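# What the coordinates show
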Amino acid sequence: MFTPSPYGWISQYLIGFFFAYGVYLPFWALWFEEQGVSPSDIGILLGLGFATRCVANLVLTPRIHKVEHLMPALRMITFAGLIFVGFHFFTGGSFWLMAAATILFNLCLGPLIPISDAMANYYGRLKMLDYGRTRLWGSVAFIAGSTVVGYLVSLYGSDMILFTALFGMFIALLFSMRAINPMPVTDSEQQMVRPKLSELLRESSVIRFLTLVALIQGSHAAYYSFSSIYWKEAGYSEAVIGYLWSLGVVAEVLVFALSKRLFVGWSLRALFVVASVGVMVRWGITASTTALLALVVIQLLHGVTFAVAHIAAIQYIQASDQNRMVALQALYNAIPLGAFIALMTALSGWGYENWGANVFWAMAAMGALALFIHAEPKARRGKDGADKAELEAQN
């Protein structure tokens, strides 16, 4: 049987997973609506899923810290996710069964991104893959999933949302069942010790890192929740709004694809500064105008505000000790990309209701605050126990 390279294995797994995620994120609320769930209950179900992913990444994900356990965990959780997508077919319109299905599926969904990223980090540190080129296939698959399911739903109805998500999870599981060459192996006895999250959260470097990425990524909250409403009120059709969202993901893909070439020799500080300035410019323009050319620029800047910041965060994690990678990845997904965006989404709702488009100035201010935070990873320890300053770019 063909044994793929680390790049082939991880990128192909991400294709299956993000295809399913491209179905879940935009369309799950529509499936709930078609089952007769009220808008307020849909909000509860989606919020429950969000909270479950956050808790899973704080409680479950950090327990998988040895690199040789990453692949078995990914297989097991992907299989469970496949089963729990199917469980939605048997909820019969019951809110409580839907809540149970939501919790079970999101218990799987939460850890899958940090665990697959941790595998990419492991091989990235060994210079066996380029994280950006590997991760871009997830973004491409996300676009494909959201596009395909929209077409299928228009032809065959909302149950195609579940069938399409099942297909993506099945493909991910199929790809995950292969071996990889070389298999991941823990470097040393020291690397086998699982760090406690409470200890990591007492380290000033980790706190600065989480605060910095929370400000940059959290600044997207108003965009994720209210940009479509804002642009529709400005007179743009749903089709144009859809094209604008796709343009943002295309910009993200291009940055991932070219990251090694674009950012060779760049320090973490430089990457975070570029992302922070991008946040200030992007949301400042958003608050100021709805001219179509400006909206195109705004969406192209998604490659800066999201992708560059994400690449910098991954470099920070890659530069840490091997046994800390999954824990840091879990914290990154749970706090900046999870709890903080949830908080900012709630505040953005209040802000948009009271201030309208001026809420985006608050998002721009977060980029200004991020400029004052300097985050560098703790020096990595080698097999001999000596500290090593291995902070070179791992892209």
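Here the structure is a predicted model, which is why all the values come from computation and not from measurement.

Attention now goes to the overall build of the protein. For the protein, the count of helices and strands is 15 helices and two strands. Its C-alpha atoms give the protein a radius of gyration of 20 Å, within 12% of the compact-globule value 21 Å for 395 residues. Counting only C-alpha atoms, the protein reaches 60 × 45 × 35 Å along its principal axes. A burial count over the protein gives 54% of its 395 residues as buried. In the structure as shown, the protein presents an accessible area of about 16300 Å², 69% of it carried by carbon and sulfur atoms. When the 24 basic and 21 acidic side-chain charges of the protein are each reduced to a single mean position, those positions are 8 Å apart.

Taking 1.5 Å of rise per residue, the 13 residues of helix 9 (residues 221-233) would be expected to cover 18 Å, and the 19 Å separating its terminal C-alpha atoms lies within 8% of that figure. If you look at helix 9, its biggest bend is around 50°, right at Ser227. The set of residues buried in helix 9 consists of Ala221, Ala222, Tyr223, Phe226, Ser227, Tyr230 and Trp231. At the exit of helix 9 stands Gly235, carrying a positive phi of roughly 105°.

Running from amino to carboxyl end, helix 13 (residues 302-318) crosses helix 14 (residues 325-355) at an angle of 150°, the nearest separation of the two axes being 9 Å. Considering the angle they form, helix 13 stands roughly antiparallel to helix 14. Crossing of helix 13 against helix 14: the hand is right-handed. Residues His310, Ala313, Ile314, Tyr316 and Ile317 of helix 13 pack against Met325, Leu328, Gln329 and Tyr332 of helix 14. A breakdown of the residues in the contact of helix 13 with helix 14 according to their chemical character gives seven nonpolar, two polar and no charged.

Attention shifts here to the confidence of the model for the protein. Detailed reading of the predicted coordinates is not advisable wherever pLDDT falls low. For the protein, the average pLDDT comes to 87, and 94% of its residues sit at 70 or higher. Here strand 2 (residues 387-388) stands out as the element of the protein with the lowest mean pLDDT, 43, in contrast to helix 11 (residues 268-288), whose mean of 97 is the highest.

Next up on the list: the environment of Tyr7. Looking at where Tyr7 falls in the secondary structure, it is placed in helix 1 (residues 6-34). Take Tyr7: its relative accessible area is 24%, and that puts it in the partly exposed class. The sequence separation of Tyr7 and Val23 amounts to 16 residues, and the corresponding C-alpha distance is 24 Å. In this structure, Tyr7 is in contact with Leu129, Arg133, Thr134 and Trp137, ignoring residues within four places of it in sequence.

We now examine the nonpolar core. Phe17, Trp28, Met119, Phe209 and Phe360 are the most contacted members of the largest nonpolar core, which totals 115 residues. Residue contributions to this core peak at 15 residues, all from helix 1. Among all residues touching Phe209, those that are not within four sequence positions of it are Phe272, Ala313, Tyr316, Ile317, Tyr332 and Ala375.

Let's shift gears to the packing of aromatic side chains. Tallied over the entire structure, the rule returns 26 aromatic pairs. A centroid spacing of 5.5 Å and a plane angle of 65° characterise the contact between Tyr24 and Phe105, whose relative ring orientation is edge-to-face. Placement of the pair is Tyr24 in helix 1 and Phe105 in helix 4 (residues 95-125), with a sequence separation of 81 residues. For the pair Tyr24 and Phe105, one class covers both residues: buried. Cluster of aromatic residues (ring-pair linked, three or more members): Trp9, Tyr13, Phe17, Phe18, Tyr21, Tyr24, Trp28, Phe105 and Phe142.

Quick look at helix 5 (residues 131-156) now. Look at helix 5: 37 Å from first C-alpha to last across 26 residues, which is about the 38 Å you get at 1.5 Å a residue. For helix 5, the N-terminal cap is Asp130; the gap from its side-chain oxygen to the backbone nitrogen of Gly132 is 3.1 Å.

The N-to-C vectors of helix 9 and helix 10 (residues 238-262) enclose an angle of 140°; their axes lie 9 Å apart at closest approach. Considering the relative orientation of helix 9 and helix 10, their crossing is right-handed. Contact residues: helix 9 offers Tyr223, Tyr224, Ser227, Ser228, Trp231 and Lys232, while helix 10 offers Glu238, Ile241, Leu244 and Trp245. Of the residues contributing to the contact of helix 9 with helix 10, the split by class is six nonpolar, two polar and two charged.

This part is about the environment of Ala319. Assignment of secondary structure puts Ala319 in the loop between helix 13 and helix 14. The spatial distance from the C-alpha of Ala319 to the C-alpha of Arg125 is 7.6 Å, given a sequence separation of 194 residues.

Moving on to the pattern of salt bridges. By the definition in use, this model includes one salt bridge. Across the salt bridge formed by Arg324 and Glu203, the nearest N and O atoms sit 2.9 Å from each other. Of this pair, Arg324 sits in the loop between helix 13 and helix 14 while Glu203 is found in the loop between helix 7 (197-200) and helix 8 (204-218), placing the two residues 121 residues apart along the sequence. Taking relative accessible area as the criterion, Glu203 reaches 17% and is therefore assigned buried.

Parameters at a glance
Residues numbered from 1 in each chain as written. Predicted model: local features only at pLDDT ≥ 70, side-chain atom pairs only at ≥ 80, totals over all residues. Heavy atoms only, no water. Helix = DSSP H or I, 4+ residues; strand = E, 2+ residues; numbered from the N terminus. Rg over C-alpha atoms; globule rule 2.2 N^0.38 Å. Buried < 20%, exposed > 50% of the residue type's maximum accessible area, 1.4 Å probe, protein only. Areas by Shrake-Rupley, 256 points an atom, 1.4 Å probe, with all protein chains shown as cover. Lys, Arg positive; Asp, Glu negative; His and termini not counted. Charge placed at Lys NZ, Arg CZ, Asp CG, Glu CD. Expected span 1.5 Å × (residues − 1). Bend = angle between axes of the 7 residues up to and from the residue. Axes fitted to C-alpha atoms, helices over the stretch in contact; angles between N-to-C directions. Parallel < 35°, antiparallel > 145°, perpendicular 65-115°, else oblique. Left-handed = near helix turned anticlockwise from the far one by under 90°. Contact = heavy atoms within 4.5 Å. Nonpolar A, V, L, I, M, F, W, Y, C, P; charged D, E, K, R; others polar. pLDDT = per-residue confidence, 0-100. Core = buried A, V, L, I, M, F, W, Y, C linked by side-chain atoms within 4.5 Å. Phe/Tyr/Trp six-rings, centres within 6.5 Å; stacked < 30°, edge-to-face > 60°. Polar contact = N/O pair within 3.5 Å; in protein donor to acceptor, adjacent residues only side chain to side chain. Salt bridge = Lys/Arg side-chain N within 4 Å of Asp/Glu carboxyl O.

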